[in-house]
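Single-letter residue listing:
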Amino acid sequence: MPSPELVAVHIHPVKSLAACTVGEVAVEPWGLDGDRRWMLVDATGKVVTQRQLPRMALISATPVPDGGIVLAAPGSAALGVEVPAPRGTIGVVLHRSRLDVVEAAPGAHAWLGEFLGAEVRLVHLDAPDRRRLIDPAYARPGETVSLADGFPLLLTTLASLDALNSLIARGDRPGEGPLPMNRFRPNAVVAGTDAWAEDGWTRLAIGDVTFRVVKPSARCVITTTDQHTALRGTEPLRTLARHRRSGQELLFGQNLIPDTTGVIRVGDPVRILG
């Protein structure tokens, strides 16, 4: 078997919108540079994701050098969105966390609301001191995360996806497979491992950057959403429930916390340190 290697890197500039594939990216203590620094909230300030609005999968957000983004969606003219000026913050709720963010210009709210058919606001995490603390059951004191659900990075492996697709093909809904990796919205995708090998990892290095492997990723309904059509099925949750269940959690992929910073690149060797 070939040695483990990083074969894809993805960032999600706006939480729950389409992923951007990049060749290299800087690793910061709280996640990849440009990953999940923006998100959508509803009229009450609560986070909105593909869980509520699957059509979010059809919107792309491309980062630009000044920190802004360009929004694009089928049938809509692209819209440039600048980093909002620090003119005061609003309080929002991201799962069980409350945090302060800055609203984008009203034109972004209107553009997104028209495409999604829902009242939403686009907000930006503008300052490092507004990041959230990671669950202390898994993190060291003071370790933070941006607008990801719980951890700075998500890693998946091609071998485990192949194994999962084989299980789907043997099930009673084989027509829903094989599934592409984008269903799982990873940051780092690794080739050259055995299926489910990542279950036993505790530390690894991608190139020169080291990470702790802290918790398997519990999957939700977003994984059943076709990222190109926004249509939903039952897989992979149906098969994960039979073969990859731990208590109430259905598992695929591993959450990482960086121990060091640096740049990771497609083609970097992946070394298992523990």
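Criteria and cut-off values
Throughout this document, residue positions are counted from 1 along each chain, in the order its sequence is written. Two thresholds apply to this predicted model, a pLDDT of at least 70 for residue-level local features and 80 or more for giving and counting side-chain atom pairs, whereas whole-chain, interface and lining totals are computed over all residues. Side-chain numbers here rest on the full set of heavy atoms in the structure, without hydrogens or water. At least two DSSP bridges between two strands are needed for those strands to be called paired. Secondary structure elements are defined from DSSP: runs of H or I of at least 4 residues count as helices, runs of E of at least 2 residues count as strands, and each element is numbered from the N terminus. Each residue gets one of three labels from its accessible area relative to the maximum for its type: buried under 20%, exposed over 50%, partly exposed in between, using a 1.4 Å probe on protein chains only. Any two residues having at least one pair of non-hydrogen atoms within 4.5 Å are treated as being in contact. A fitted line through C-alpha atoms serves as each axis, taken over the contacting stretch for helices, and the angle formed by two N-to-C directions is quoted from 0 to 180°.

A look at the sheet that holds strand 21 (residues 262-265)
Here comes step 1: Strands sit in the order 4-3-21 across an open sheet of three strands; the sheet is antiparallel. Looking along the sheet, the strands with just one partner apiece sit at the ends: strand 4 (31-32) and strand 21.
Here comes step 2: Pairing of strand 3 (residues 24-28) with strand 4, which is carried by two bridges, proceeds in the antiparallel orientation. For Val27, the partnering residue across the bridge sits in strand 4 and is Leu32.

Quick look at the pairing of strand 15 (residues 153-157)
The side chains of a regular strand alternate, residue by residue, between the two faces of the sheet.
Here comes step 1: Counting buried positions over the five residues of strand 15 gives five, a clear majority of the element.
Here comes step 2: A two-sided burial pattern is seen for strand 15, the buried positions comprising Leu153, Leu155 and Thr157 on one face and Leu154 and Thr156 on the other.
Here comes step 3: Of the strand pairs in this sheet, strand 15 and strand 16 (residues 188-191) are connected by three bridges, and their pairing is parallel. Each bridged residue has a counterpart across the sheet, and for Thr157 the counterpart in strand 16 is Val190.

Digging into the environment of Ile272
Here comes step 1: Here Ile272 is to be found in strand 22 (residues 270-272).
Here comes step 2: Classification of Ile272 by relative accessible area gives partly exposed; the value is 35%.
Here comes step 3: Between the C-alpha atoms of Ile272 and Trp201, which are 71 residues apart in sequence, the distance is 6.9 Å.
Here comes step 4: In this structure, Ile272 is in contact with Trp201, Arg203 and Leu204, ignoring residues within four places of it in sequence.

Details of the sheet that holds strand 10 (residues 90-94)
Here comes step 1: What the five strands build is an open sheet, ordered 6-5-12-11-10; its pairing is antiparallel. A strand with exactly one partner marks an edge of an open sheet, and here the two such strands are strand 6 (47-48) and strand 10.
Here comes step 2: In the sheet, strand 11 (residues 97-103) pairs with strand 12 (residues 121-124) via two bridges, with the strands oriented antiparallel. Paired with Glu103 across the two strands is Val123, which belongs to strand 12.
Here comes step 3: In the packing of helix 1 (residues 106-116) onto the sheet, the strands contacted are strand 5 (38-41), strand 11 and strand 12, and the crossing angle to strand 12 comes to about 130°.

Quick look at the pairing of strand 7 (residues 60-63)
Here comes step 1: Across four bridges, the pairing between strand 7 and strand 8 (residues 69-73) is antiparallel. The residue of strand 8 that forms the bridge with Thr62 is Val70.
Here comes step 2: If you look at the hairpin formed by strand 7 and strand 8, you'll find five residues sitting between the two strands, and Gly67 has a positive phi there, around 100°.

Some details on the side chain of Thr239
Here comes step 1: Summarising the element assignment, Thr239 is placed in helix 3 (residues 237-243).
Here comes step 2: Of the residues examined, Thr239 reaches a relative accessible area of 4% and is grouped as buried.
Here comes step 3: Those residues in contact with Thr239, other than ones at most four positions away along the chain, are Leu164, Leu167, Ile168 and Arg244.

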